[in-house]
Amino acid sequence: MRQVYLDNSATTPLLPEVREAMLPYLGELFGNPSCLHSWGDAAREAVERAREQVAQLIGAEAEEIIFTGSGTESNNFAIKGLALAQQAKGKGKHKHVVVSAIEHFSVLYSARTLEKWGFELTLVPVDKYGVVDPEDVRRSLRKDTVLVSVMHANAEVGTIEPIQEIARITRENNILFHTDAVATAGTIPVDVKELGVDALSLAGNQFYGPKGVGALWVRKGVRIIPLLDGGVQEGGRRAGTENVPAIVGLGKAAELARMDMPARIKRLTLLRDRLLTELPQKIDRVVVTGHPQNRLPGNASFCIEFIEGEAMLMLLNSQGVAVTSGSACTSRALKASHVLLAMGLPHALAQGSILFTLGIDNTDEDIDYVLEVLLPIVDRLRQMSPLYAKFTKAGKGGK
């Protein structure tokens, strides 16, 4: 049976060059970077080299990079740490943060935690493509707003957000702006100076690096409150002994992504466009979700009417195909995606979501195979669907 992995938004495979770079730090170069001896020196030099590699990927300075344990930790650190550091700007208990309605749960739930700590929260809506209108952000701002966070791109529907336009608005109002770039850093060009943001999150497993490591970029001069109490690692901003092998892997993955990005984008876009074009031609009653053009190169997302996304996943898996329904953090929840609902899709339609995220190992033959096996799966599930039976009985055929 052919094996086709199309769930790269959940995690990407580790590149052989990244694995090779990591191996010495899982063996003989095991030292603690904080120690003042040769074992510690070798580890510390590796961490600093990786810091420079990550900084170069996003157009930053090395000292602005803080290593974390994941994209989720980076987002928690940014939302809570920046808001707490800025709360004196709010008058008394009136402290205000703004995030979009389609943020990853690590941003949304962090913002909800701030609510419990006395902050007020505004969720900015999106349009039918998942795009945030910068003017909606402007209208949401108040005199006591201390932080805005809007993701660079949504991993679930692929839509890339107008971050530069939003950043101009936050700058005009002297408000900090964070963007979750986990879906974009290492995948498409990201330059923190061009974006105009104050903080940016990324994660290694999104661009062929190891799982369990991420980074938070914080613009020089911006104050942030550490989440973890302890030692003085990461310039006193993130306590805890560094995961040296993973950090080294993140640095190597960042270096490779910077070099190979144009070729990766070209290849993934061609495969993505095949799915976006050919799947709706083969299967009726399919809705493409996300922006039709301004989307991530490897993202093809759909809702297929009258069936459950989870059932499609399991049957595709039985045919050797790995995909997801919604984000990796919601695929086991068996409920409609908050992203699709925020985009205005009906609940029943949102339940039929399916997401293909392509990687550098995918081929045209993979796309051929997926299109071949998906049609009978959809037919089989629709034959079991009372909604589809009702639809066909009413005589409403066609697209």
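Scroll up to find the structure this text is about.
Remember, it's a predicted structure, so these values are computed and weren't measured experimentally. (Residues numbered from 1 in each chain as written. Predicted model: local features only at pLDDT ≥ 70, side-chain atom pairs only at ≥ 80, totals over all residues. Heavy atoms only, no water.)

Novice: Looking at this model, I keep getting lost on the nonpolar core. Mind explaining?
Specialist: A general feature of soluble globular proteins is that nonpolar side chains tend to end up buried together. Ranked by size, the top nonpolar core spans 65 residues in total, and within it Ile58, Phe67, Leu200, Leu202 and Phe207 carry the most contacts. Looking at this core element by element, the count peaks at 10 residues for helix H8 (residues 244-282). Residues within four places of Leu200 in sequence aside, it is in contact with Ile58, His178, Thr179, Ala181, Val190, Val192, Leu195, Ala215, Leu216 and Trp217. One finds Leu271, Leu275, Ile304 and Val373 within the second-largest nonpolar core, a separate group that totals 32 residues. (Core = buried A, V, L, I, M, F, W, Y, C linked by side-chain atoms within 4.5 Å. Buried < 20%, exposed > 50% of the residue type's maximum accessible area, 1.4 Å probe, protein only. Helix = DSSP H or I, 4+ residues; strand = E, 2+ residues; numbered from the N terminus. Contact = heavy atoms within 4.5 Å.)

Novice: How should I be thinking about the side chain of Thr12 in this particular structure?
Specialist: Inspection of the secondary structure puts Thr12 in the loop between strand S1 (4-5) and helix H1 (16-22). Residue classification places Thr12 among the buried positions, given a relative accessible area of 6%. A distance of 2.6 Å separates the side chain of Thr12 from the backbone oxygen of Asn205, its partner in a polar contact. Here the side chain of Thr12 touches Tyr208 through a polar contact of 2.7 Å, landing on its backbone nitrogen. (Polar contact = N/O pair within 3.5 Å; in protein donor to acceptor, adjacent residues only side chain to side chain.)

Novice: Help me out: how do you make sense of unusual backbone geometry in this one?
Specialist: Leave glycine aside and you will find that most residues have negative phi; peptide bonds, for their part, are mostly trans. Notably, Tyr208 is not glycine yet its phi reads approximately 70°, a positive angle. You can see Tyr208 is positioned in the loop between strand S7 (199-203) and strand S8 (214-218). A positive phi angle, close to 80°, is found at Phe306, a residue other than glycine. Residue Phe306 is classed as buried on the basis of its relative accessible area of 15%.

Novice: Looking at this structure, how should I read helix H9 (residues 309-318)?
Specialist: Within H9, seven of the 10 residues are buried, which leaves the element mostly enclosed by the surrounding structure. Within the span of H9, buried status applies to Gly309, Glu310, Ala311, Met312, Leu313, Leu315 and Leu316. Turning to H9, the residues buried within the fold contact strand S10 (299-304), strand S11 (321-322), strand S12 (353-357) and helix H12 (364-383). Two residues or fewer after H9 comes Gly320, characterised by a positive phi angle close to 85°.

Novice: What is the right way to read empty space enclosed by the protein from this model?
Specialist: Space left empty within the atom packing is revealed by a probe, the size of a water molecule, rolled over the atoms. Under the definition given, this model contains three cavities of 30 Å³ or more. Of the pockets and cavities examined, the largest cavity occupies roughly 270 Å³. What lines the largest cavity is a set of 20 residues, among which Asn8, Ala183, Thr187, Gln206 and Leu358 lie closest to the centre. Considering each element in turn, the lining of the largest cavity owes the most residues, three residues, to H8. Taken together, the residues that form the lining of the largest cavity break down as 10 nonpolar, nine polar and one charged. Lining the second largest cavity we find 10 residues, and of these Glu310, Ser325, Lys335, Ser337 and Ser353 sit closest to its centre. Residue composition of the lining of the second largest cavity, grouped by class: two nonpolar, six polar and two charged. (1 Å grid on protein atoms, 1.4 Å probe; cavity = no way out; pocket = protein on both sides within 12 Å on 5 of 7 lines; lining within 4 Å. Points joined across faces, edges and corners; volume = space filled by probe spheres on them. Nonpolar A, V, L, I, M, F, W, Y, C, P; charged D, E, K, R; others polar.)

Novice: Even after reading the chapter, I still don't get the sheet that holds strand S9 (residues 286-288), so can you show me in this structure?
Specialist: Think of a sheet as strands paired side by side through backbone hydrogen bonds, with each pair either parallel or antiparallel. Taken in spatial order, the three strands line up as S9-S10-S12 in an open sheet, and their pairing is antiparallel. Both edges of this open sheet fall to S9 and S12, since each of them pairs with a single strand only. Along the sheet, successive strands turn relative to each other by an average axial angle of 25°, direction set aside. Bridging between S9 and S10 involves three bridges; their strand directions are antiparallel. (Pairing = 2+ DSSP bridges. Axes fitted to C-alpha atoms, helices over the stretch in contact; angles between N-to-C directions.)

Novice: What is the right way to read the side chain of Gln53 from this model?
Specialist: With respect to the secondary-structure elements, Gln53 resides in helix H2 (residues 38-58). With residues near it in sequence (within four places) discarded, Gln53 still touches Gly251, Lys252, Ala254 and Glu255.

Novice: How should the packing of helix H3 (residues 71-86) against helix H4 (residues 105-116) be read in this particular structure?
Specialist: Helices that pack against each other are described as a pair by the angle of their axes relative to one another and the distance between those axes. It is at 9 Å that the axes of H3 and H4 come closest, and there the two elements cross at 30°. In terms of orientation, H3 lies roughly parallel with respect to H4. Taken as a pair, H3 and H4 cross one another with a handedness that is right-handed. Between H3 and H4, the contacting residues are Thr72, Asn75, Asn76, Ile79, Lys80 and Ala83 on the first element and Ser106, Val107, Ser110, Ala111, Thr113 and Leu114 on the second. Per-class residue counts for the contact of H3 with H4 are five nonpolar, six polar and one charged. (Parallel < 35°, antiparallel > 145°, perpendicular 65-115°, else oblique. Left-handed = near helix turned anticlockwise from the far one by under 90°.)

Novice: Would you mind going over the pattern of salt bridges with me for this structure?
Specialist: Following the criterion strictly, the structure yields 21 salt bridges and no others. A salt bridge links Arg219 to Asp198, with the nearest nitrogen and oxygen atoms 2.5 Å apart. Placement of the pair is Arg219 in the loop between S8 and H8 and Asp198 in the loop between helix H7 (192-195) and S7, with a sequence separation of 21 residues. Exposure remark for Arg219: the relative accessible area of 35% places this residue in the partly exposed category. We note a salt bridge from Asp368 to Arg274, for which the minimum N-O separation is 2.7 Å. You can see Asp368 sitting in helix H12 and its partner Arg274 sitting in helix H8, a full 94 residues away along the chain. (Salt bridge = Lys/Arg side-chain N within 4 Å of Asp/Glu carboxyl O.)

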